[in-house]
Amino acid sequence: MTDTRRRVKLYALNADRQWDDRGTGHVSSCYVERLKGTSLLVRAESDGTLLLESKIQPDTAYQKQQDTLIVWSEGDNFDLALSFQEKAGCDEIWEKICQVQGKDPSVEITQDIVEESEDERFDEMSDSVQPVELPACEMGRLEDISELVNSCLVSPNRKDKLAAALETQHYIKKLLNLFHMCEDVENVEGLHHLYEIFKSIFLLNKNTLFDTMFADDTIFDVVGCLEYDPSLPQPKKHREYLRELAKFREAIPIKNKDLLAKIHQTYRVQYIQEIVLPTPTVFEDNLLSTLSSFIFFNKVEIVKLIEEDEKFLTDLFKMLMDEKTGDTKRRDLVLFLKEFCNFSQNLQPQDKDAFYKTLVSLRILPALEITLSIDDQKTKTASIDILTYIVEFSPSVVRDYTLQQANNTEEEQMLLNIVIEQMLRDQDPELGGAVQLMGVLRILLDPESMLASVNKSEKADFLNFFYKHSIQTLIAPLLENTSGEKPLKEDYHTVQLLGLVLELLSFCVEHHTYHIKTCILNKDLLRRILVLMRSTHTFLVLGALRFMRKIIALKDEYYNRYIIKGNLFAPVIDAFLRNNGRYNLLDSAILELFEFIKLEDIKSLCSHVVENYGKILEDVEYVQTFKALKTRYEQHQDKLKEREREYNVPVSGSVAVTEAVVPSLLRTRYRREARQPDEEEEMWFNDDDELEDEAPLDSAQPHTHTHTHHALDAIGKIVEKKVCSSTESANGPRVLLGAAKPPHTDAQVSAPRLLNKGLVDYDGDSDEEEEGGASSGNPSSSSSTEERDAKRPRLA
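Just so we're clear, the structure is a prediction, and the values are computed from it rather than from any experiment.

Undergrad: Where do I start with the overall build of the protein chain in this structure?
TA: Across its full length, the protein chain holds 36 helices and 9 strands. Out of the 796 residues in the protein chain, the part that is buried amounts to 48%. Long-range pairs, those at least 24 residues apart, make up 66% of the contacts in the protein chain with a sequence separation of at least 6.

Undergrad: Would you mind going over the sheet that holds strand β7 (residues 79–84) with me for this structure?
TA: The strands making up a sheet associate through backbone hydrogen bonding, with each pair oriented either parallel or antiparallel. An order of β4-β3-β2-β1-β7-β6-β5 is seen for the 7 strands of this open sheet, with the pairing classed as antiparallel. Only two strands of the sheet have a single neighbouring strand rather than two, namely β4 (50–55) and β5 (62–65). In this sheet, neighbouring strand axes are inclined to one another by 30 degrees on average, regardless of whether the strands run parallel or antiparallel. The pairing of strand β1 (residues 6–13) with β7 spans 5 bridges and is antiparallel. Of the residues in β7, the one forming a bridge with Y11 is A81.

Undergrad: How should I be thinking about the nonpolar core in this particular structure?
TA: As a rule of thumb, nonpolar side chains are buried together in soluble globular proteins. Counting 135 residues, the largest nonpolar core has L505, I520, L526, I552, I563, F569 and F594 as the members making the most contacts within it. For this core, the leading source of residues is helix α22 (residues 492–512), giving 11 residues. When near neighbours in sequence (up to four residues on either side) are disregarded, I552 contacts I563, F569, L593, F596, I597, I602 and L605.

Undergrad: Can you help me understand the packing of helix α21 (residues 471–481) against α22 in this one?
TA: The description of two helices packed together rests on the angle between their axes and the distance between the axes. Relative orientation of the contacting elements α21 and α22 amounts to 130 degrees, with a least axis distance of 10 Å. As the angle between them shows, α21 and α22 are arranged oblique. With respect to the hand of their crossing, α21 and α22 are arranged in left-handed fashion. Between α21 and α22, the residues in contact are I471, L474, I475, P477, L478 and N481 and T494, L498, V501, L504 and L505, respectively. The residue makeup of the contact of α21 with α22, split by class, is 9 nonpolar, 2 polar and no charged.

Undergrad: Mind showing me how you'd approach the pairing of β1 here?
TA: Where a strand is regular, its side chains alternate between the two sheet faces. Among the 8 residues that make up β1, 6 are buried, leaving the element largely enclosed by the rest of the structure. Pairing of β1 with strand β2 (residues 19–32), which is carried by 8 bridges, proceeds in the antiparallel orientation. Counted as the bridge partner of R7 is H26 from β2. Counting the residues that bridge the hairpin from β1 to β2 gives 5 residues, and of these R17 lies at a positive phi of roughly 60 degrees.

Undergrad: I would appreciate a short explanation of the pattern of salt bridges in the present structure.
TA: For side chains of opposite charge, pairing can occur when their charged atoms come near one another. The tally for this structure, following the rule as stated, stands at 27 salt bridges. E45 serves as the salt-bridge partner of R7, at 3.0 Å between the closest nitrogen and oxygen. Here the residue R7 occupies a position in strand β1, and E45 occupies one in the loop between β3 (37–44) and β4, the gap between them amounting to 38 residues. Given a relative accessible area of 38%, R7 falls into the partly exposed group. As a salt-bridge pair, D524 and R527 come within 2.4 Å of each other at their nearest N and O atoms. Pair check on accessibility: D524 and R527 agree, each one buried. Through salt bridges with shared partners, one network takes in K9, D21 and D351.

Undergrad: I'm lost on the packing of aromatic side chains in this one. Help?
TA: The geometry of an aromatic ring pair is captured by the separation of the ring centres together with the interplanar angle, meaning the angle of the planes. Scanning the entire structure with this criterion turns up 20 aromatic pairs. Considering the side-chain rings of F179 and Y228, the 6.3 Å spacing of their centres and the 65 degrees angle between planes classify their relative orientation as edge-to-face. A residue pair is termed long-range when its members are at least 10 positions apart, and F179 in helix α5 (residues 171–184) and Y228 in the loop between α8 (219–225) and α9 (238–245) qualify at 49 residues. In this structure Y228 comes out as buried when scored by relative accessible area, which is 15%. Pairing F336 with F340 gives two aromatic rings, centres 6.4 Å apart and planes at 20 degrees, and the pair type is stacked. Of this pair, F336 and F340 both sit in helix α13 (residues 327–344), 4 residues apart, roughly one helical turn.

Undergrad: Help me out: how do you make sense of helix α10 (residues 257–276) in this one?
TA: Given 3.6 residues to a turn, an α-helix orients residues that are three or four positions apart in the same direction. Over its 20 residues, α10 extends 27 Å from the first C-alpha to the last, a length consistent with the 28 Å expected when each residue adds 1.5 Å. Those residues of α10 not exposed but buried are L259, L260, K262, I263, Q265, T266, R268, V269, Q270, Y271, I272 and V276. Looking at the buried positions of α10, the neighbouring elements they touch are α6 (188–203), α8, α9, α11 (289–308) and α13. At the N-terminal boundary of α10, the capping side chain belongs to N256, with an oxygen 3.0 Å from the backbone nitrogen of D258.

Undergrad: Got a minute to help me understand the environment of Q348 in this structure?
TA: Along the polypeptide, Q348 turns up in the loop between α13 and α14 (349–361). Counting along the chain gives 327 residues from Q348 to D21, while the straight-line C-alpha distance between them is 5.5 Å. A polar side-chain atom of Q348 sits 2.9 Å from the main-chain carbonyl oxygen of W19.

Undergrad: How should I be thinking about the pairing of β4 in this particular structure?
TA: With 5 bridges connecting them, β3 and β4 associate as antiparallel partners. Bridged to R43 within β4 is L50. Taking the residues between adjacent antiparallel strands as the criterion, β3 and β4 are bridged by 5 residues, where G48 takes a positive phi near 80 degrees.

Undergrad: Just checking my understanding: could you explain the packing of α13 against helix α16 (residues 377–393) for this structure?
TA: With their axes 9 Å apart at the nearest point, α13 and α16 run at an angle of 30 degrees to one another. Viewed along their axes, α13 and α16 adopt a mutual orientation that is roughly parallel. As for how α13 packs across α16, the hand of that crossing is left-handed. Within the contact between the two elements, α13 uses R331, V334, L335, L337, K338, C341 and N342 and α16 uses K378, T379, A382, S383, D385, I386 and Y389. Split by residue class, the contact of α13 with α16 holds 7 nonpolar, 3 polar and 4 charged.

Undergrad: Before we go on, may I ask you to explain the side chain of Q405 in this structure?
TA: As for its placement among the helices and strands, Q405 is situated in the loop between α17 (395–404) and α18 (415–424). A distance of 3.4 Å separates polar atoms of two side chains, one belonging to Q405 and the other to Y401. Those residues in contact with Q405, other than ones at most four positions away along the chain, are E369, Q413, M414 and L415.

Undergrad: Just checking my understanding: could you explain a nonpolar patch on the surface for this structure?
TA: A surface patch of nonpolar side chains, about 310 Å² in accessible area, is lined by Y241, L245 and Y267. Mapped onto the secondary structure, Y267 falls in helix α10. By relative accessible area, which is 40% here, Y267 ends up partly exposed.

Undergrad: Just to check I follow, could you spell out a negative patch on the surface for this structure?
TA: On the surface, E634, D638, E642 and E646 cluster together into a negatively charged patch. Structurally, the position occupied by D638 is in helix α30 (residues 625–647).

Undergrad: Can you help me understand α5 in this one?
TA: An ideal rise of 1.5 Å per residue puts 20 Å on 14 residues; α5 measures up with 20 Å between its terminal C-alpha atoms. Looking at α5, one finds that the buried residues are Y171, I172, L175, L176, L178, F179 and C182. Down the axis, α5 shows its buried residues gathered within 155 degrees of arc, on one side only. Looking at the buried positions of α5, the neighbouring elements they touch are α3 (142–151), α4 (156–168), α6, α7 (207–213), α8 and α9. Of the residues flanking the end of α5, it is E186, one or two places downstream, whose phi is positive at about 55 degrees.

Undergrad: Got a minute to help me understand unusual backbone geometry in this structure?
TA: Keep in mind that most residues, glycine aside, have a negative phi and that most peptide bonds are trans. Unusually for a residue other than glycine, H170 sits at a positive phi of about 50 degrees. Counting through the fold element by element, H170 comes out in the loop between α4 and α5. Unlike most non-glycine residues, N567 shows phi in positive territory, near 55 degrees. Along the polypeptide, N567 turns up in the loop between α26 (557–565) and α27 (570–579).

Criteria and thresholds
Residues numbered from 1 in each chain as written. Predicted model: local features only at pLDDT ≥ 70, side-chain atom pairs only at ≥ 80, totals over all residues. Heavy atoms only, no water. Helix = DSSP H or I, 4+ residues; strand = E, 2+ residues; numbered from the N terminus. Buried < 20%, exposed > 50% of the residue type's maximum accessible area, 1.4 Å probe, protein only. Contact = heavy atoms within 4.5 Å. Pairing = 2+ DSSP bridges. Axes fitted to C-alpha atoms, helices over the stretch in contact; angles between N-to-C directions. Core = buried A, V, L, I, M, F, W, Y, C linked by side-chain atoms within 4.5 Å. Parallel < 35°, antiparallel > 145°, perpendicular 65-115°, else oblique. Left-handed = near helix turned anticlockwise from the far one by under 90°. Nonpolar A, V, L, I, M, F, W, Y, C, P; charged D, E, K, R; others polar. Salt bridge = Lys/Arg side-chain N within 4 Å of Asp/Glu carboxyl O. Phe/Tyr/Trp six-rings, centres within 6.5 Å; stacked < 30°, edge-to-face > 60°. Expected span 1.5 Å × (residues − 1). Polar contact = N/O pair within 3.5 Å; in protein donor to acceptor, adjacent residues only side chain to side chain. Patch = residues over 30% accessible without salt bridge, like charges linked within 9 Å, V, L, I, M, F, W, Y side chains within 5 Å. Areas by Shrake-Rupley, 256 points an atom, 1.4 Å probe, with all protein chains shown as cover. Lys, Arg positive; Asp, Glu negative; His and termini not counted. Charge placed at Lys NZ, Arg CZ, Asp CG, Glu CD. Arc of directions from axis to C-beta.

Quick look at the structure:
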C-alpha cells in the first residue's frame, strides 16, 4: 500500500476532558507487520520521531467531524483525534479507514460503540431485533417522541441507533418545522415537549447532529426550542438577544467568509452551552464533551485563520497605535485583541509560544502602553486582560522589553511604571484592575521564573532595573500616607490600595533579599510601614505586621540591628496593649511574632524585647510567651556571666548580648537556612555606598568583635541620621523609635527608657535633657526627668 503523507495535528483527550496537543506531523496508512494489520502512522515533522502507531481495528468506531477531523477511542477512556490541514488529506485517510472496515466512505461514523456490561450486551441484542423506530413527526405525537428520545439515553447503544435514525430521516428539520407550527398556534404544551426533545438530543453527544443543528439556517430555531423551559413561568428571549442585542463589531473588516462564519457559529454555540442549556448534573457532565470539543476545535481554527492573514494583523496594530484613531474604534480593536488572546488559550504550549512571538513582533507591548493609560474603563480592562495573558505565559518577554527601555525611555513612560501607576490609580471600588495588575507585577518580580545563562542573568538585570527605576513609584503612596504619627488617609479605597502595596512588598522581602534590604534600610521603610499599625482598619494593621514578620523570619542580623536601633517594636507593643487582650486575629498574630523570636532563639531581639518591654508585658499571663522570652533572656545572661569569669572580661547588659550574638552571626553567616547569598549579591552589597563597611571579617581574627560592631553600626548610623532629621522637622507628638543606646559603652546599663516615658515624645523635650538624666546620678537631672515623665502619656 502506498504511503500518503498529510500534515496533521495529533490530539489526546486528558482526564479533565480537554484536548492535549501531542505534536504536528504527517500521517500515513500502511501495513505494519508487527501489528499484523493496516495502521495509522504519524511522524513528527521536526525530527521524524513516531508520534502515533495505531492499528485500524475492524470494530473501532471512527468519527469524521467538520471535514478535517477524525476522532476515535483506543482502549478505555483514551480518545484520539487527527486534525488535518487540508480536507483532501482527511478524506483520503477516511477512505483508508472505511476500506479496512468495509464501510461506505460517505458515513460519518464507521461503527456502533461496543458495549461491555451484561445489561448493555442485552440491550444490543434487543436493539438488533427491535431497532429504534421514530414516530411520525406530527404535533399530536410530540409527547411520544419526547418519551422515546428520553428512554434511549440510558443505553449507549440505543443512543447511537437513535442518533442514526434522526440523521437518516432528517428528523431534526422536521421537528423544527413543528416548532414553527406550535409557535404560530401558541401550543404551549407542544413547545414544552420540544424543549425536552432537543435537550435530550444534545445529551446524545453526537457531532453529526450538532453539524445539523448549528447550521446557519437552523441554529436560531434550535435556540427557540430551548426557550420554552417547562419549569419557567415565561419563555426566555434568547433569539432576541442573539439577533438584536448581541452586536458583532468588526474592528477591521474581515474578508475571509469562512473565518467570519466560524466566528459567528462559535459565539452562538458557546452561548447555547453556557446560557441556554441548563447546567448539567454530575451525571450529565461528560455527556456534553462533544459539544465542548466542537467549540475547542472551532477556536483553534479561528486563531490559525487569523494568524495566517498577516495583512489583517498588521493593519490592526497600525490602527491601534495611530494617534488619529478614535477612542471608540480603539476600544473595539482592543476588545477584538482580547478575544483573540482568549481563544489562543486553547492552543498547546508550542503553538501558544509562536502565537505570542507573533504579537510581540507586531509591537503589542508598546500598544498596551497606550491603551492601559486610556481613561475608557472597557479599554483599560481589556488591556489588563491581554497583558495578563502574555505575562502568565511568558514573563521573560515582558522583562526583556522592559530592560530595553532602560536607556531610551523616561521613567514615567516605561511599561513597568505604567502598570504600577495604573494599579495605584484604579478607581474601581472593588479594585478589580489593581488586584489583577498586582498579580502581573508579582509574576514579573518572581525570581523563580527568571532565566539565567552564561552570558545573561535576567534576575540580576531585571531586579536592578526595578529597584532603580520603579520601586519609588510603588512606595510613593505609602510614604505619602505615613508622614505623621498616624495614617493621613483612612478611606476604604486608600487603605485597600495600601494593602496591595504591602502584599507586594512582603513578597519582595521574602524573595529579593539584598535588593529590598537596601531599599528598606536606606528609605527607613519599616518605620513608615509600622505607622499603619495605628490604622482603624484591622486588615491594614495586620498587613503592616505581616511585613515585619517576613523581615524577622529571615533571621538577618542586619535587619535585627535596624529594628533594635530604631526601637521598631514600639508600634507593635502599642497595638498589642491597645487591643487589650481581646481574642482576635491581631492578638494571635502579635503573639505568634514573639513566639517565633523565642522558638528561633533570636538573641538580639529577645534581649531587646525583654530589656525594653519586659515590665510592660510581665502581666500578660493568658499565654506563656513573654515569660518564656524572659527565661530565655536570663539564660543568655547566665552564659555571659560564665564567660566573664572564664575570660576575666567585664561585660554587662545589652552590650554583652550583642558581643555574644555577633560572633555567632559570623559563624553562621554562610549557612543561612533559606539560601546562601551568591557572589553577585556580595559584590552588589559591598559596592553600596551607605553600607560599604559591612563586609564581615573572618571570625578567627583576634579583633572580630570590634569589626563586627562597626559593620552593624553602619546601619545604626543611617537610622540615627534619619531619626534625627525627622525629629528636628516634625511637629507635635511623634513615635520615639531611636531610643536605643550605642553598643559600646562603659556606663552602667540603665533601666529600659521606654518604660519611663511611654511610646511618645514631645518637641518640648530636648535630647540633651534625656542624655543628662540617663548618664549620671545628678539629683537635679534625675528630679527634672521624673517631673517631665509624670506629664507623659503611658502605654498602659
